[in-house]
Amino acid sequence: MEEIRLELAVRNPQRSASLLDLILYEKVRAEPNITLLLNTTVVGVEKSGDTIIAALADRPSTEDRFRIAATIFVDCTGDGRLGAEASASFRHGREGQTDFGE
């Protein structure tokens, strides 16, 4: 975060949202272990028992379909789409104090 904040201070003192997007895009593209799939939506999963073995995603603008295999999946979709496609249990709202012995 500090690296991004410093770059924003130098390259984006006017706090332009589009320049922030460009800086974040450059940071992600510079990471060797990230494959960036813009404008792509999770549409399904492949499971073995209760374990996700692959996520299926579509990019409508290019009509591409992706099968993303991994040993660990983290749902960062913003709307829980990966978890929903996997039929994972979820909680809506806050839990009560007694749910986890708090």
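Here's what I pulled together on the structure shown here. Here the structure is a predicted model, which is why all the values come from computation and not from measurement.

### A word on the overall build of the protein chain
Broken down by element type, the protein chain carries three helices and three strands. Order of helices (α) and strands (β) in the protein chain, N terminus to C terminus: α-α-β-β-β-α. At 18 Å, the protein chain has a C-alpha radius of gyration far larger than the 13 Å of a compact globule built from 102 residues. C-alpha extents for the protein chain along the principal axes are approximately 50 × 45 × 25 Å. Out of the 102 residues belonging to the protein chain, those deemed buried represent 16%.

### Overview of the environment of Asp64
With respect to the helices and strands, the residue Asp64 is situated in strand β3 (residues 64-69). Taking relative accessible area as the criterion, Asp64 reaches 31% and is therefore assigned partly exposed. With 19 residues separating them in the primary sequence, Asp64 and Val45 have C-alpha atoms 16 Å apart. The contacts of Asp64, once residues within four sequence positions are left out, are Ala57, Asp58 and Arg59. Within polar-contact distance, the side chain of Asp64 engages the side chain of Thr62 at 2.8 Å.

### A word on the nonpolar core
Formed by Val42, Val45, Ile52, Ala55, Leu82 and Ala86, the largest nonpolar core amounts to six residues. Discounting residues that sit within four places of it in the chain, Ile52 has contacts with Val45, Glu46, Lys47, Ala70, Phe73, Leu82 and Ala86.

### Observations regarding the packing of helix α1 (residues 2-11) against helix α2 (residues 17-30)
How two helices sit against one another is set out by the angle between their axes and by the gap between those axes. Across the interface, α1 lies against α2 with an axial gap of 11 Å and an inter-helix angle of 135 degrees. Comparing the axis directions of α1 and α2 gives the class oblique. You can see that α1 and α2 cross each other, and the crossing is right-handed. Along the contact surface, α1 presents Glu3, Ile4, Glu7, Leu8 and Arg11, while α2 presents Leu19, Leu20, Leu22, Ile23, Leu24, Glu26 and Lys27. Among the residues forming the contact of α1 with α2, the class breakdown is seven nonpolar, no polar and five charged.

### What to know about the pattern of salt bridges
Summed over the entire model, instances satisfying the criterion amount to eight salt bridges. For Glu7, the salt bridge goes to Lys27, with nearest N and O atoms at 2.8 Å. Highlighted residues: Glu7 in helix α1 and Lys27 in helix α2, separated in sequence by 20 residues. On the basis of relative accessibility, which here comes to 22%, the residue Lys27 falls in the partly exposed class. We note a salt bridge from Arg11 to Glu26, for which the minimum N-O separation is 2.7 Å. Taken as a pair, Arg11 in helix α1 and Glu26 in helix α2 lie far apart in primary sequence, 15 residues in all. A single salt-bridge network, built from bridges that share partners, covers Glu3, Glu7, Arg11, Glu26 and Lys27.

Cut-off values and rules
- Residues numbered from 1 in each chain as written.
- Predicted model: local features only at pLDDT ≥ 70, side-chain atom pairs only at ≥ 80, totals over all residues.
- Heavy atoms only, no water.
- Helix = DSSP H or I, 4+ residues; strand = E, 2+ residues; numbered from the N terminus.
- Rg over C-alpha atoms; globule rule 2.2 N^0.38 Å.
- Buried < 20%, exposed > 50% of the residue type's maximum accessible area, 1.4 Å probe, protein only.
- Contact = heavy atoms within 4.5 Å.
- Polar contact = N/O pair within 3.5 Å; in protein donor to acceptor, adjacent residues only side chain to side chain.
- Core = buried A, V, L, I, M, F, W, Y, C linked by side-chain atoms within 4.5 Å.
- Axes fitted to C-alpha atoms, helices over the stretch in contact; angles between N-to-C directions.
- Parallel < 35°, antiparallel > 145°, perpendicular 65-115°, else oblique.
- Left-handed = near helix turned anticlockwise from the far one by under 90°.
- Nonpolar A, V, L, I, M, F, W, Y, C, P; charged D, E, K, R; others polar.
- Salt bridge = Lys/Arg side-chain N within 4 Å of Asp/Glu carboxyl O.

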